[in-house]
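Summary of structural features
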Amino acid sequence: MTKKENREHKSSVFADLFYEDKTAEKNLLSLYNALHGTNYRSEKKIHKIRVENVLYKNFKNDISFEMDHKVIVFGEHQATINKNMPLRFLMYVGRAYEQLIETRARYWRRLVKIPTPEFYTFYNGIEDFTQEEELHLSDSFLNPTATNPLELTVKIININSDKGHDILKKCRVLREYSLFVDTVRKYDKEEDSLKKAINECIASGILADYLKRKGSEVTNMLIAEYDYEEDIRANREEAREEAIEEVWDAAQKEVEAAREDAQAAKEEIEKYSRLILRLTGEGKNDMIIQIAEDNALRERLYHEYHL
């Protein structure tokens, strides 16, 4: 029972810094100000929204909160960019609105006002990626139109320190988090890598207070993140293999269907030719033109001549 509870409450360092830790509201306010060019001081303006197991089951790597008449959703990528993030955010924000809008209000005659949604992903993976990019839900539509009836835009911000995105200058804690990730990667192949990375960051003043308080917890969170990445990688590989198998099966069926169609066409041509020869032999040339236009007559003659 205890094992299950621990598994269900695993968080990333990112989620802990900006949602769970005692400094989370302060950090979250700083990040909001950096994104919107505001200078809010009161952390009481933040209303956290907890949405469980939507973006990824049993691992919290996302953050959502209401502030300034907005619903903000942050989702952090790890190793790769996920093109399906707008779809996942769509399902996520629906659950968030369920908490914000009381059930009875949905049936009022007057218009129900809702907080404006905003979606962000902070990318810190190792793949080369631009400073900033947008993903759109409409890119997933099978039959997109000029004015799509539903759209959702996710802004991806690359927070790797070498990309030098402006937000790292505006939000100190996000900049230090980025440097912390760099340090963890630097020691990736060494023994006691996490301990070395944490100690160096503390000595360098990178998230120092946070790491002093929660060093062992951060280690566990980083291990959980590694497991999360491995799980995602395994699921992606499994999905790729299943997709290849499905494509192969579909191709085999198409080839088989084509063979059957070709054989049926060949048999029809042979039967048609034999019917024409019979009609010609009996001097019924006028019927040759009729059977070309009358399928029912042609089938009846096939039956009569036992073709």
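Just so it is clear, the model here is predicted, and its values are computed rather than measured.

**A short note on the pattern of salt bridges**
Within the structure shown, the criterion is met by 17 salt bridges. When the shortest N-O distance is used, the salt bridge between Glu-102 and Arg-104 registers 3.2 Å. Judged by relative accessible area, Arg-104 falls into the exposed class, the value being 64%. With a shortest N-O distance of 3.1 Å, Glu-190 and Lys-196 are connected by a salt bridge.

**Here we look at helix H7 (residues 193-204)**
Taking 1.5 Å per residue as the helical rise, H7 with its 12 residues ought to reach 16 Å, and the 16 Å between its terminal C-alpha atoms agrees with that figure. Listing the buried residues of H7 in full gives Ser-193, Leu-194, Ala-197, Ile-198 and Cys-201. Projected onto a plane normal to the axis of H7, the buried residues spread over an arc of 130° and lie on a single side. In H7, those exposed residues whose orientation departs by more than 90 degrees from the buried face are Lys-195 and Ala-203.

**Brief notes about unusual backbone geometry**
Residues other than glycine seldom take positive phi values, yet Asp-68 does so here, at roughly 55°. With respect to the helices, strands and loops of the structure, Asp-68 is situated in the loop between strand E4 (62-67) and strand E5 (70-77).

**With respect to the packing of helix H9 (residues 285-293) against helix H10 (residues 295-304)**
Their axes nearest at 5 Å, the elements H9 and H10 cross at an angle of 115°. Across the interface between the two elements, Met-287, Gln-290, Ile-291, Ala-292 and Glu-293 of H9 pack against Asn-295, Leu-297, Arg-298 and Leu-301 of H10. Taken together, the residues of the contact of H9 with H10 sort by class into five nonpolar, two polar and two charged.

Parameters and conventions
- Residues numbered from 1 in each chain as written.
- Predicted model: local features only at pLDDT ≥ 70, side-chain atom pairs only at ≥ 80, totals over all residues.
- Heavy atoms only, no water.
- Salt bridge = Lys/Arg side-chain N within 4 Å of Asp/Glu carboxyl O.
- Buried < 20%, exposed > 50% of the residue type's maximum accessible area, 1.4 Å probe, protein only.
- Helix = DSSP H or I, 4+ residues; strand = E, 2+ residues; numbered from the N terminus.
- Expected span 1.5 Å × (residues − 1).
- Arc of directions from axis to C-beta.
- Axes fitted to C-alpha atoms, helices over the stretch in contact; angles between N-to-C directions.
- Contact = heavy atoms within 4.5 Å.
- Nonpolar A, V, L, I, M, F, W, Y, C, P; charged D, E, K, R; others polar.

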